[in-house]
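So you can see what is in the structure, the chains are spelled out below.
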Amino acid sequence: MKVIEGGVCAAAGFYAGACHCGIRKSIKKNDLAVIASEVMCNAAATYTTNRVKASPLLLTKEHLADGMAKAVIVNSGNANACAPDGMENAKREAAAAAGFLGIDADDIVVASTGVIGQRLTVECIEEHVKDITMKQGIAGSEEAAWAIMTTDTQPKTVAVEFEADGHICHIGGICKGSGMIHPNMGTMLSFVTTDCAISSEMLEKALKQDVKKTYNRVTVDGDTSTNDMCVVLANGLAGNPQITEESAAYAAFAEALHFVNETLAKKIAADGEGATRLMTCTVKGAKDEATAEVLAKSICSSSLVKAAMFGADANWGRVLCAMGYSGAEFDIADVTVTFLSAAGQIVVYDHSVVLDFDEDLAKKILSEPDVEILVELAEGDGNVSCWGCDLTYDYVKINGDYRT
């Protein structure tokens, strides 16, 4: 497996483009993107677990019921969630993309992100979708990645090539996510494309298994959005024999998908609203993986832990507190907590013994842009990493007037 350029257009037969259609008139950035394949794709998706689901998401679920799709249209600036004429406008958005591409509206994935509760000015989309110039390669991918951003500070993209049954395949993606990010699939928008030939059933199996270990292990602020989805399109143009069962080729595909999803998940965590550092929490030695995940998520989700990371304060007590209310069972009499970064590492709580550690060194370690909280237990082989970010003043500033 090798990292390559091209993002969501790295795979053969995929192209993308974007334009400014004016959904948010006060912002002049591109706010409408289209991603399309030259041929029909097998498709799979996962969706938010929020009981309040946006109309585009509900329409996409209908369109993907047959496991097939050919294109994606996504707008930023308006979530079309809990909004007047929500389903009608989602269908009009799909129809606009279908007319632009000359394909059936039922083969369109529709996604929206932005303000909840306001009517989507779908007329802007209908008028300006024709302004999009579709491009292959990194140029098309970058346009789409920028257009889907809301409070993100940078586009998020990755691509790799891998081998399946002797054929070189490619898989890449883009995503957006900065706020309203919390586990339970996957709390953002992610679009992944591949030219690997794989059946819809195996694609769905691989995606659902992998989302649990990637996007669902990211938390920024504890809010699960109404619009979150991850969609994977596979057009088969790499020419490999179609993957229809678990095999060496399936394992290679699953490994490549995991790399793409984990990379995008980490980029979401690092770009959390107002964030100054990526925070990784790793729990090792739990009695099983499920226990380790509950503990790691609880630490990553703790506002007090996140605030301590912002202040580069080695407050291990907050880590233990978050573990204690997580609901997971663990032996409190044998816990070790270590803080790590590029500046070094320091054990601050050793086998449940309070240490007199070097505060200056701890602060130096926690002042790096990428920090890790390592919790070690001695109860089994459950090892899990989750990702989050620090909690800063800017998070409140960003969300204090987000709607207006």
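Further up the page is the structure itself.
Residues numbered from 1 in each chain as written. Predicted model: local features only at pLDDT ≥ 70, side-chain atom pairs only at ≥ 80, totals over all residues. Heavy atoms only, no water.

Enquirer: Where do I start with the overall build of the chain in this structure?
Expert: Scanning the chain from terminus to terminus reveals eleven helices and 15 strands. Its C-alpha radius of gyration of 22 Å places the chain within 12% of the 22 Å reference for a compact globule of 404 residues. Classification of the 404 residues of the chain by burial places 56% in the buried group. Taking all contacts inside the chain whose residues are at least 6 apart in sequence as the whole, residues at least 24 apart take part in 81%. About 15600 Å² of surface is accessible on the chain, with carbon and sulfur atoms providing 50% of the total. Placing the 33 positive and 55 negative side-chain charges of the chain at their respective mean positions leaves the two points 6 Å apart. (Helix = DSSP H or I, 4+ residues; strand = E, 2+ residues; numbered from the N terminus. Rg over C-alpha atoms; globule rule 2.2 N^0.38 Å. Buried < 20%, exposed > 50% of the residue type's maximum accessible area, 1.4 Å probe, protein only. Contact = heavy atoms within 4.5 Å. Areas by Shrake-Rupley, 256 points an atom, 1.4 Å probe, with all protein chains shown as cover. Lys, Arg positive; Asp, Glu negative; His and termini not counted. Charge placed at Lys NZ, Arg CZ, Asp CG, Glu CD.)

Enquirer: Quick question: what am I supposed to make of the packing of aromatic side chains here?
Expert: The relation between two aromatic rings is expressed through the spacing of the ring centres and the mutual angle of the planes. The final tally for this structure, using the stated rule, is two aromatic pairs. Ring centres of Trp-316 and Tyr-349 lie 4.5 Å apart, and the angle between their planes is 20°; on these two criteria the pair is classed as stacked. With Trp-316 in helix α9 (residues 316-324) and Tyr-349 in strand β12 (residues 344-350), the pair connects residues that are 33 residues apart, well separated along the chain. (Phe/Tyr/Trp six-rings, centres within 6.5 Å; stacked < 30°, edge-to-face > 60°.)

Enquirer: Looking at this model, I keep getting lost on the side chain of Ser-190. Mind explaining?
Expert: Inspection of the secondary structure assignment puts Ser-190 in strand β8 (residues 189-194). In terms of polar contacts, Ser-190 uses its side chain to reach the side chain of Tyr-215, at 2.9 Å. When residues no more than four places from it in sequence are discounted, the contact partners of Ser-190 are Ile-174, Cys-175, Tyr-215, Met-229, Cys-230, Val-231 and Leu-264. (Polar contact = N/O pair within 3.5 Å; in protein donor to acceptor, adjacent residues only side chain to side chain.)

Enquirer: Mind showing me how you'd approach helix α1 (residues 55-63) here?
Expert: In an α-helix there are 3.6 residues to a turn, and that puts residues three or four apart on one side. Every buried residue of α1 is listed here: Ser-55, Pro-56, Leu-57, Leu-59, Thr-60 and His-63. Turning to α1, the residues buried within the fold contact β3 (32-47), β4 (68-78), α2 (86-101), β5 (108-115) and β9 (229-234).

Enquirer: Even after reading the chapter, I still don't get the environment of Val-375, so can you show me in this structure?
Expert: Note that Val-375 resides in strand β14 (residues 370-376). In the structure, Val-375 is positioned 90 residues away from Gly-285 in sequence and 8.6 Å away in space, judged by C-alpha atoms.

Enquirer: Any chance you could explain the environment of Tyr-393 here in plain terms?
Expert: With respect to the helices and strands, Tyr-393 occurs in helix α11 (residues 393-400). Residue Tyr-393 is classed as exposed on the basis of its relative accessible area, which comes to 64%. With 278 residues separating them in the primary sequence, Tyr-393 and Val-115 have C-alpha atoms 21 Å apart.

Enquirer: What is the right way to read the pattern of salt bridges from this model?
Expert: Oppositely charged side chains are able to pair whenever their charged atoms sit close together. As enumerated under the stated definition, the model contains 15 salt bridges in all. The residue Asp-85 makes a salt bridge to Arg-119 at a minimum N-O spacing of 3.4 Å. Of the two residues, Asp-85 is situated in the loop between β4 and α2 and Arg-119 in the loop between β5 and α3 (122-128); the sequence distance between them amounts to 34 residues. For Asp-85, a relative accessible area of 41% gives the class partly exposed. (Salt bridge = Lys/Arg side-chain N within 4 Å of Asp/Glu carboxyl O.)

Enquirer: Help me out: how do you make sense of a nonpolar patch on the surface in this one?
Expert: On the surface, Met-1, Val-3 and Phe-259 cluster together to form a nonpolar patch covering roughly 290 Å² of accessible area. For Met-1, the location among the structural elements is in the segment before β1 (2-3). Take Met-1: its relative accessible area is 52%, and that puts it in the exposed class. (Patch = residues over 30% accessible without salt bridge, like charges linked within 9 Å, V, L, I, M, F, W, Y side chains within 5 Å.)

This is a description of form; function is not addressed.
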